Each structure stands twice: as structure tokens, then as C-alpha cells.
Amino acid sequence: MSDRPRLYPVSGELFVQDTPAAGALVILRPLEQADANTWPMGFPRATVADDGSFQFETYDEGDGAPAGKYVLLAEWRGNEDVGEETDDSVRQNRLDPIYNDPGLSPWTVDIAAKRNRLPRFEATYPPPPPVAKK
């Protein structure tokens, strides 16, 4: 018997000014119970495909996310030539940091106990003003 929560398929799209954010990392951070200790495999996450689509995983590829309320975070590390270093920590984030800050991200989502198709997310330059979280 597993104590893992039930997962539901979650997919969506991320674009920046009508361009797919291919390679961007998107994360669903719970609005409640966001303590990393309750998420031993990390928060649900996905990598954006070349066409801008993504599908979340929590434990295994494409397995989805538990039902609940989340803030969607995004980070898009560039592919700039950085010499011999290719670690993400030295690559510039191509998105404004607002999109990777749980207190400032303008994107919240409700994952229901069913197959979930999220609306298309569009990052803008400049980013939208912060939305106060309840």
C-alpha cells in the first residue's frame, strides 16, 4: 500500500510573446502544505517541449499532480554559449524573476480530480504587476 497521493494528468502550454518557451522548467507549488518535507520527490514539474506544451510529473514521467490549489512557477534558462560551463546555475534566466517567485507569480491553478488541461500561459515583457495572494 502506497501513501502517495492520487495523481491526475495535468498538461498545458507556456509561451513568451507567442514563442514556445522550449526547455523552460515549470513547477506547481502548492498554496497550502508547501513544506518540502511533505514532497519527498519535489513539487510537480515539467519541461516545456519544442511546441510549447508540457505535462506534469510528480513521481514518474507524465504521471500528473495531486488535486489542489497551486501557484505555477516558471524558469527558462537560456542556451547561450557560456564556455565550458553548461550548468544551469551559470545560464541566464530568460524570464523575469516574477515568474519564479511564489509570492509574485501571476499564475494560480486548481488541479481537479480528473484530467486537467490548463490554459495557455503567456509570459510578457515587462511582466504583469504582482497579484496579492490570499
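Computed from a prediction, not measured in an experiment: that's the story for all the values here. Residue positions within a chain follow its written sequence, with the count starting from 1. Where totals are concerned, whole chains, interfaces and linings use all residues; where local detail is concerned, this predicted model gives features only for residues with pLDDT of at least 70, and gives and counts side-chain atom pairs only at 80 or more. Working from all heavy atoms in the structure, the side-chain values ignore hydrogens and water.

Trainee: Describe the nonpolar core, and please don't skip the residues or the numbers.
Mentor: Counting residues in hydrophobic clusters, the biggest one holds 28 residues, and the most contacted among them are Leu14, Leu28, Phe54 and Phe56. Only strand 1 (10-16), strand 3 (25-30), strand 6 (68-75), strand 7 (108-111) and strand 8 (116-123) provide two or more residues apiece to this core. Non-local contacts of leucine 28, meaning those with residues more than four positions away in its chain, are made with Val10, Phe43, Pro44, Phe56, Ala65, Tyr70, Val71, Leu72, Val109 and Ile111. Definition used in this section: a nonpolar core is a set of buried Ala, Val, Leu, Ile, Met, Phe, Trp, Tyr and Cys residues joined via side-chain atoms within 4.5 Å. Burial classes: relative accessible area under 20% of the type maximum marks a residue as buried, over 50% as exposed, and values in between as partly exposed (1.4 Å probe, protein chains only). For helices the rule is a DSSP run of H or I covering at least 4 residues; for strands it is a run of E covering at least 2, with both sets numbered from the N terminus onward. Contacts are assigned to residue pairs with any non-hydrogen atoms lying within 4.5 Å of each other.

Trainee: Before we move on, can you summarise the sheet that holds strand 6 with the specific residues and values?
Mentor: Here 4 strands make up an open sheet; going across it, the order is 4-3-6-7 and the pairing antiparallel. Bordering the open sheet on either side are strand 4 (45-47) and strand 7, each of which pairs with just one other strand. With direction set aside, neighbouring strand axes in the sheet form an average angle of 30°. In terms of strand pairing, strand 6 meets strand 7 through 4 bridges, oriented antiparallel. Note that in strand 7 the partner of glycine 68 across the bridge is isoleucine 111. By definition, two strands form a pair when at least two bridges between them are found by DSSP. Lines fitted to C-alpha atoms define the axes, with helix axes restricted to the stretch in contact, and inter-axis angles between N-to-C directions lie between 0 and 180 degrees.

Trainee: Tell me about the packing of aromatic side chains, and please be specific about residues and values.
Mentor: Stacked, edge-to-face and tilted are the three classes for Phe, Tyr and Trp ring pairs, Trp counted by its six-membered ring, which pair at centre distances within 6.5 Å; planes under 30 degrees apart are stacked, over 60 edge-to-face, the rest tilted. Counted by the stated rule, this structure contains 4 aromatic pairs. Where tyrosine 99 meets tryptophan 107, the ring centres are 4.7 Å apart and the plane angle is 25°; that geometry is what we call stacked. Tryptophan 107 gets classed as buried once you look at its relative accessible area, which sits at 10%. Three or more aromatic residues joined by ring pairs form one cluster here, namely Tyr99, Trp107 and Phe121. The positively charged end of arginine 94 is found above the aromatic ring belonging to tryptophan 76, 3.8 Å away from the centroid. Here, over-ring charges are defined by two tests on the NZ atom of lysine or the CZ atom of arginine: distance to the ring centre within 6 Å, and angle to the ring normal within 35 degrees. Above the plane of the ring of phenylalanine 15 lies arginine 120, whose end atom (NZ or CZ) is 3.6 Å from the centre.

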